Structures are given as C-alpha cells and as structure tokens.
Amino acid sequence: MKSRFAPSPTGYLHIGGARTALFAWAWAKKQQGQFVLRIEDTDRERSTQASVDAILDGMNWLGLTHDEGPFYQTQRFDRYQEIIEQLLSEDKAYYCECSKERLQVLRDELTEKGEKAKYDGCCRDKKLKSGVVRFKNPLTGFVTFKDAVKGQISIGNQELDDLIIARSDGTPTYNLTVVVDDHDMKIDTVIRGDDHINNTPRQINLYEALGWGLPKFAHLPMILGGDGARLSKRHGAVSVMAYRDEGFLPEALLNYLVRLGWSHGDQEVFSLSEIVELFDLKNINKAPASFNQEKLLWLNQEYIKTSSVDNLLENLAWHLDNQSVDTSTGPAIEAVVEHLQERSKTLVEMVDGLKMFYQDFNQFDEKLSAKQFKDSQSIKLLLTKLEALDDWMASNIKEQIKQVCKELDIGFGKIGQPFRLALSGNGNAGNIDIVAQLVGKDRTLARLQMALDYIAQHSH
Ligand code: GLU
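A short tour of the structure in this document, coming up. A quick note: this is a predicted structure, and the numbers were derived from the prediction, not measured. (Residues numbered from 1 in each chain as written. Predicted model: local features only at pLDDT ≥ 70, side-chain atom pairs only at ≥ 80, totals over all residues. Heavy atoms only, no water.)

1. Description of the overall build of the protein chain
Phase 1: Counting its secondary structure elements, the protein chain contains 19 helices and 12 strands.
Phase 2: At 31 Å, the protein chain has a C-alpha radius of gyration far larger than the 23 Å of a compact globule built from 460 residues.
Phase 3: The 460 residues of the protein chain split such that 50% are buried.
Phase 4: Partitioning the contacts of the protein chain with sequence separation of at least 6, the portion at a separation of at least 24 is 75%.
Phase 5: On the protein chain, roughly 22,100 Å² of surface is accessible, and the fraction owed to carbon and sulfur atoms is 48%.
Phase 6: Treating the 55 positive side-chain charges of the protein chain as one cloud and the 66 negative ones as another, the clouds have centres 4 Å apart. (Helix = DSSP H or I, 4+ residues; strand = E, 2+ residues; numbered from the N terminus. Rg over C-alpha atoms; globule rule 2.2 N^0.38 Å. Buried < 20%, exposed > 50% of the residue type's maximum accessible area, 1.4 Å probe, protein only. Contact = heavy atoms within 4.5 Å. Areas by Shrake-Rupley, 256 points an atom, 1.4 Å probe, with all protein chains shown as cover. Lys, Arg positive; Asp, Glu negative; His and termini not counted. Charge placed at Lys NZ, Arg CZ, Asp CG, Glu CD.)

Now the structure itself:
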C-alpha cells in the first residue's frame, strides 16, 4: 500500500498541506505501507530551492518521514514527454493553436450566456503540428467514482473540455504529471484537499486513455478560520514553521491537525502511535473543519505538562539558540525545565521564564517595583538570614522566609511578593523557595541587595 503527499513549493508548508500530509502518512503507516513525498515543482518561478527546503524542513520538524522520495517533477520531464507523445500518436491528444484572443472571446460568449466557460474543440480534428497539446476528453458518457470521503461522484463528460496537457513550450501541466506520477509511483490511495476534486474526473479520463488502473481517492474537506472563511494568513500563522517559532511542540500540532476533519469518538488527545492505530478514511468528516487557535494552545500546554524533560530539551534547543540563552551559567537546565513545565503554554513562554536563572538584569519592572519595594526592613532581614544559610535548599530557604514573617509579625505575601520580584525582575516566577534554590545563592543575595538599593534610591 502506498500513499503520497505532493506539495507544490510556494514558499512554506501550509497548515492545510501538513494536515493532508499527516492523513496520507497515517493511512500508509496504519497498513504498514509506504509514504511517498513528491515535490510538484514544475512551476519554475515559484519553486525556488528555498521553497522546497521550507517544505522539507516542515515535514522534518513534524516528523512525517517519507519512505520514498522526495521525487521532483522537474527531473521527470522526459517521462511526461514520452506519455504526451504516446497520447498524440494514439490520437488521444492533439495540438491546438487557438490564440489567447479567440479563447477569450469564446469564454466571454459562454459566460454571457450563463454557461460554463470551456474549450469548444476547434482544433480537435485539424491534425496540427504545433501549439499546446490538448487531451481528447470523451464527448459522451459519465465519469463516476467513489470518493472515500465524499461518496459517489458522477460528472457528465459534456461538462469537461479538452484539457491542456502540455503548454506551447512543451512543459507538462499538473493534470498530466499527477496521473503519470501516481501511476508510475504505484500510489494506491490519493489523499488530497477537496480543492482538487474537480480535477479528478479529468484525471480519471486520462488514466483510462492510458489503460492504467485507478487509485482510490479521498478528498479532504477544507479548513476554515474562525469566521467561516477559508483559512488564510489573516487568521494568524498558516505556515507550519511559524508554529515551531511560536513555541508549539510538533506532537501537539500533529494532534491538533489530526482532529481537523477526523474524529474518533470524542477523544481529543492522541499520541502518534494512537493516530496510526486508529486512523481511518471512514472517519473523515464531510463538513469543513474550523481552525481554533485556543484549542491548539490548550493542547500544546497539555503536551508540555506531560512531556518528558528530554523531549522538551530537544525542542527547546532551537529556541534557546534563537534567543541566545546560554544555560551553562546557571543551574542544571533539567531542573529548571521541570519547574517551568506546569507554567508554560508554549516553549517561547518557557524560554522567557527560564532567562531569570541564567541572565542577570539591572532593572526591575517599573510598576511592580514602585508598588512592592517599599519596606526595606523585611528584605534586609531576609538577606541577612539567607547570607548565613549554608545548605542552599528550597526547604531551608522557605524556613528563613517563615522566620522573617514571624519575627516581624507580617503575612507571607509581604515578603514573598517583593522576594519574587527581586528574583525575577518582572514578578513572573513560580514557587518562590524552589525558584530561589535554582537561581542560586550568589545571584539571590545580589538581587535582594539590588532591591534594597532600589528602595534606598526611591525613598526621600
Ligand atoms: N501539487 C498539488 C498541490 O499542492 C497537489 C496535487 C495532488 O495532491 O494531487 O495542490
């Protein structure tokens, strides 16, 4: 069994493309089949190396590994040429020299009459020797096929015109290349977006003209933004790698994507192996799916909470590097990550929370310090007690905070809040004694001193 993902490189791997890739990948894996990656790069202008790399990077980051490929259509022009010539010689295709102007007039006339714009077959029997090559679509009968998602579909051949399979410069068009490739690569299930469903009857006619067996087809419903319009840039990030940049875990994004148009009861969280085990074309919804950023964020948080520290570290590496955080200057990163797991919705948030353990700062949040740095007595007392503390452990630190509260007869918040601000600079920190332990003794004392300096400067 073989399935494939056949993206056209247009700049990045789109969320919708990734969903198609995931479904095709899962369907192949479920049947211990092969997943083929084919780059449809015949549009030379858009298919730059950077565009191709963007797809490979996205697939790689998601972990959707291909078993065959990547194949590049630009390397298969000879094969397409061979098929085009075969169709010409068998009188199943013909050259057409209709000018752009003639075609435009034809189109305008038909549209005016309220009819579907299609080619009238003017050159069909002229036996011309140059021009574009058109496929002789059957003139009568129906194309009927059973789509795994949409059910039975039937289109009259009269609605289909003679499609162009080669441009006048000889380069093949999508409907030709896709048929030749899916046949040559022995693809038995074509899974793709339903924006291609109108192409399928034309492709089926080509398969038949070539005497080739048909693959199964499964056309996936569209993905919509929150407002019901097709998902696009104005709904937020649509490139897979933008989600990496925003701090999503690939497994969280995959879990989110599999639920876009597919369901298994009301289960929401699926491991990758569960996806493979449970995935079935039968459970793909017919209706379009809605993209919901909040749900994705919720899933990401769930995955961060339950992930192994090692997995988080692997995914954090890029972010740490991206934000130039050097973790050799502080506590063991494992302990910090474990501490932040509960508190981070994204890896970007995690890196933000992690900086205070590795980077010094020379200023506190202005608003918070004006509010919280008022009483130097309690901070001074805490500083003295912590200075004297030999065993720098969270439990001992906590004990000292309690002592301060007791001796000065103040509530925990009175010292806890300024301490948190002193340690973090922005008040954004978890359990204060654990945080202090991780920040380390020297840095903790220095930051408390900085808080005292602040109070001294601001009390007149
Ligand atoms: N290259 C086409 C696209 O990116 C997909 C073709 C197909 O899956 O048949 O839309």
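2. A short note on the site of the ligand
Phase 1: The environment of the ligand is made up of R4, A6, P7, S8, E40, Y174, V178, R192 and H196.
Phase 2: Between the ligand and Y174 there is a distance of 2.8 Å, counted from an oxygen atom to a side-chain nitrogen or oxygen.
Phase 3: Of the residues contributing to the shell around the ligand, the split by class is four nonpolar, two polar and three charged. (Near = heavy atom within 4 Å. Polar contact = N/O pair within 3.5 Å; in protein donor to acceptor, adjacent residues only side chain to side chain. Nonpolar A, V, L, I, M, F, W, Y, C, P; charged D, E, K, R; others polar.)

3. Looking at the pairing of strand β5 (residues 132–135)
Phase 1: Side chains of β5 alternate between two faces, with V132 and R134 and V133 and F135 buried alike.
Phase 2: Relative to β5, strand β4 (residues 93–96) is paired through four bridges, and the arrangement is antiparallel. Residue pairing across strands places C96 opposite V132, the latter belonging to β5.
Phase 3: Examined bridge by bridge, β5 and strand β8 (residues 164–166) share two bridges and lie antiparallel to one another. Note on β8: the bridge partner recorded for R134 is I164. (Pairing = 2+ DSSP bridges.)

4. Notes on the packing of aromatic side chains
Think of a pair of aromatic rings as described by two things: how far the centres are apart, and how the planes are tilted against each other in angle.
Phase 1: Inspection of the entire model under this criterion finds 12 aromatic pairs.
Phase 2: Where W27 meets F279, the ring centres are 6.4 Å apart and the plane angle is 65°; that geometry is what we call edge-to-face. In this pair, W27 sits in helix α1 (residues 15–30) while F279 sits in the loop between α9 (272–278) and β12 (289–290), placing the two residues 252 residues apart along the sequence.
Phase 3: For F279, a relative accessible area of 0% puts it in the buried group.
Phase 4: Arranged with centres 5.4 Å apart and planes meeting at 65°, the rings of Y243 and F248 form a pair that is edge-to-face. Each member of the pair, Y243 as well as F248, carries the same accessibility label: buried.
Phase 5: Counting every residue linked through ring pairs, the aromatic cluster contains F23, W27, W262, F270 and F279.
Phase 6: Across the ring face of F23, the terminal group of R19 is positioned such that the distance to the ring centre comes to 5.5 Å.
Phase 7: Lying across the ring of W318, R244 places its NZ or CZ 3.7 Å from the centre. (Phe/Tyr/Trp six-rings, centres within 6.5 Å; stacked < 30°, edge-to-face > 60°. Lys NZ or Arg CZ within 6 Å of the ring centre and 35° of its normal.)

5. Examining the side chain of R447
Phase 1: Mapping R447 onto the fold places it in helix α19 (residues 441–458).
Phase 2: Overall, the relative accessible area of 3% leaves R447 in the buried class.
Phase 3: Among the polar contacts listed, one links the side chain of R447 to the side chain of D360, at a separation of 3.0 Å.

6. Describing the environment of N199
Phase 1: Of note, N199 is situated in the loop between β9 (189–193) and α6 (200–210).
Phase 2: With a relative accessible area of 17%, N199 lands in the buried category.
Phase 3: Considering only alpha carbons, one finds N199 and Y174, 25 residues apart in sequence, at a separation of 9.5 Å.
Phase 4: Each residue touching N199, except ones within four places of it in the same chain, is listed here: Y174 and N175.

7. Some points on unusual backbone geometry
Phase 1: The omega torsion across G69 and P70 is 0°, close enough to zero to call that bond cis.
Phase 2: Inspection of the secondary structure assignment puts P70 in strand β3 (residues 68–72).
Phase 3: Look at S324: it is not a glycine, yet its phi comes out positive at around 50°.
Phase 4: On the secondary structure map, S324 appears in the loop between α11 (309–322) and α12 (333–341).
Phase 5: Judged by relative accessible area, which is 58%, S324 ranks as exposed.
Phase 6: In the Ramachandran plot, D409 falls in the positive-phi region, its phi being about 55° despite a non-glycine side chain.
Phase 7: Examined against the element boundaries, D409 turns out to sit in the loop between α16 (394–408) and α17 (412–424).

8. As for the pattern of salt bridges
Phase 1: Evaluation of the coordinates by the stated rule reveals 30 salt bridges.
Phase 2: With its nearest N and O atoms 3.1 Å apart, the salt bridge here joins E268 to K295. Residue E268 is located in the loop between α8 (250–258) and α9, and its partner K295 is located in helix α10 (residues 293–306); the two are separated by 27 residues in the primary sequence.
Phase 3: What makes K295 partly exposed here is its relative accessible area of 25%.
Phase 4: As a salt-bridge pair, K385 and E407 come within 2.8 Å of each other at their nearest N and O atoms. In this pair, K385 is assigned in helix α15 (residues 376–387) and E407 in helix α16, connecting sequence segments 22 residues apart. (Salt bridge = Lys/Arg side-chain N within 4 Å of Asp/Glu carboxyl O.)

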